[in-house]
Every structure is written in structure tokens, then in C-alpha cells.
Amino acid sequence: MDDPDAIAIATPQQFRALGHPVRHRLLFAIGRETATLSGLAAELGISKGSAGHHLKILLEAGLVRLDGTRQVRGGTEQHYRRAATKLDFSDGETTKAALAAVADEMATDDDSLFVLRSVRLGPAQARRLRETLETLAAEVEDEPGEARHGVLVGFYRPGPVSRG
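A brief report on the enclosed structure follows. (Residues numbered from 1 in each chain as written. Predicted model: local features only at pLDDT ≥ 70, side-chain atom pairs only at ≥ 80, totals over all residues. Heavy atoms only, no water.)

### Concerning the nonpolar core
Put simply, the rule reads: In plain words, nonpolar cores are sets of buried Ala, Val, Leu, Ile, Met, Phe, Trp, Tyr and Cys residues tied together by side-chain atoms within 4.5 Å. For every residue, the accessible area (1.4 Å probe, protein chains only) is compared with the maximum for its type, and the residue is labelled buried under 20%, exposed over 50%, or partly exposed between those bounds. Only DSSP runs of H or I reaching four residues or more are called helices, and only runs of E reaching two or more are called strands; each is numbered from the N terminus.
Grouped together as the largest cluster of nonpolar side chains are 20 residues, with contacts concentrated most on L40, L58, L63 and V64. It is helix 2 (residues 21-30) that provides the largest number of residues to this core, a total of 5 residues.

Right, dumping it as C-alpha cells:
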């Protein structure tokens, strides 16, 4: 992986961190902006204690980082940021966990879109399609203050069919 904006999911802490749907929701909620514990808890509709617990696991896994602090009403407000804009799921088990979390999110959204196709492509056409999908996903810009959406892009060659 040569992408400086991506983290390869490889450590036990990262696998554990991605093993709970609330932590996926926290990563989506943080997005490309900074976020506070209170703001995340309110956005996700969970308690600050629960948000803090899951955020700590993401911090320990290196998926989220502290981006700064600010003094407010006699306390210190901490701002968090994703450590990378993309997560690289090159391991089968991590991919399964991530897809399960996305499926849970999609199941609650009446406007979600999921298309699965099988197409026959030559090497040059497959390379162009992959590059097009990567470019499309990378070029989507956040619009501050607007509703958050998840974007899932996949491209793969199916394995052989087992005849059991």
C-alpha cells in the first residue's frame, strides 16, 4: 500500500477496534473534520460514557488521534480526528467485519444503494474500471453541515466455486 492517506488494518488492536459497529459509526461521524466527545455522543445518540469508551479503543488502535484541546467552562474540550481518510482492508477477516458493520448501517437507511454485479473484463478494462472507481471515491468532497453518507466501493475477482 503506497497511499499516504490510508492505514493498513493489520494489528490486533485495529482488528479489535473494528469489531464493534459503534466504533465504525464513530469513524464515519468524525469523517474529515475534528469532533468532540460531546458532539460525537449527540450525533450518534449514545451516552458520553459509551462514546468515550469506544473512542479510547480507536485511539489505542491508532485509528483516531487527538487533534487539539480548548478550554471551555472550566474544563478542557478535546478534539479528535481520524488518523487517515481511508482504511485498507487487505485481510479477509477485517474485510468481513467492516462489511458486516456497513450492512448494519445500510439496513437502517431506506435510501441506501447496493449493487452487486458479475462482469467479464479483460485486463485493460479491469484496470480502467478499478482506477475509475478509486478516482470517483477519492474525489467526493465533504459539504460541511450536510448529512453524512457512507460510500462503499469494491472491486474484486471472485474465487473459484467449490463443488462439495
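There is more to say, and it comes next.
### Comments concerning a nonpolar patch on the surface
Put simply, the rule is: Distance thresholds for patches are 9 Å for like charges and 5 Å for nonpolar side chains (Val, Leu, Ile, Met, Phe, Trp, Tyr), applied to residues having over 30% relative accessible area and no salt bridge. For accessible areas, the Shrake-Rupley method is used with a probe of radius 1.4 Å. Any residue's cover is judged against the shown protein chains and nothing else. The salt bridge definition used is simple: a Lys or Arg side-chain nitrogen within 4 Å of an Asp or Glu carboxyl oxygen.
A contiguous nonpolar surface patch, about 570 Å² in accessible area, is contributed by L99, F114, L116, L152 and Y156. Judged by its relative accessible area of 44%, L152 is partly exposed.

### Some points on the side chain of H79
Defined as follows: For the purposes of these results, a polar contact is taken to be a pair of N or O atoms within 3.5 Å, where, inside protein, one atom must be able to donate a hydrogen and its partner to accept one; residues adjacent in sequence count only when each atom of the pair is a side-chain atom. In this description, contact between two residues means that some pair of their heavy atoms is separated by no more than 4.5 Å.
Structurally, H79 can be placed in strand 4 (residues 75-82). Within the structure, the side chain of H79 is placed 3.1 Å from the side chain of E77, a separation counted as a polar contact. With near-sequence residues (within four places) excluded, H79 lies in contact with T34, A35, T36, R65, L66, D67, G68 and R70.

### Some points on the pairing of strand 4
Which entries qualify depends on this criterion: Pairing between two strands requires that DSSP report at least two bridges joining them.
Sheet analysis places strand 2 (residues 35-36) next to strand 4, joined by 2 bridges and oriented antiparallel. Among the inter-strand pairings, T36 is bridged to a residue of strand 4, identified as H79. Pairing of strand 3 (residues 64-72) with strand 4, which is carried by 8 bridges, proceeds in the antiparallel orientation. Residue pairing for strand 4: Q71 is matched across the bridge by T76. Where strand 3 folds back on strand 4, the antiparallel hairpin that results is connected by 2 residues, among which R73 adopts a positive phi of roughly 40°.

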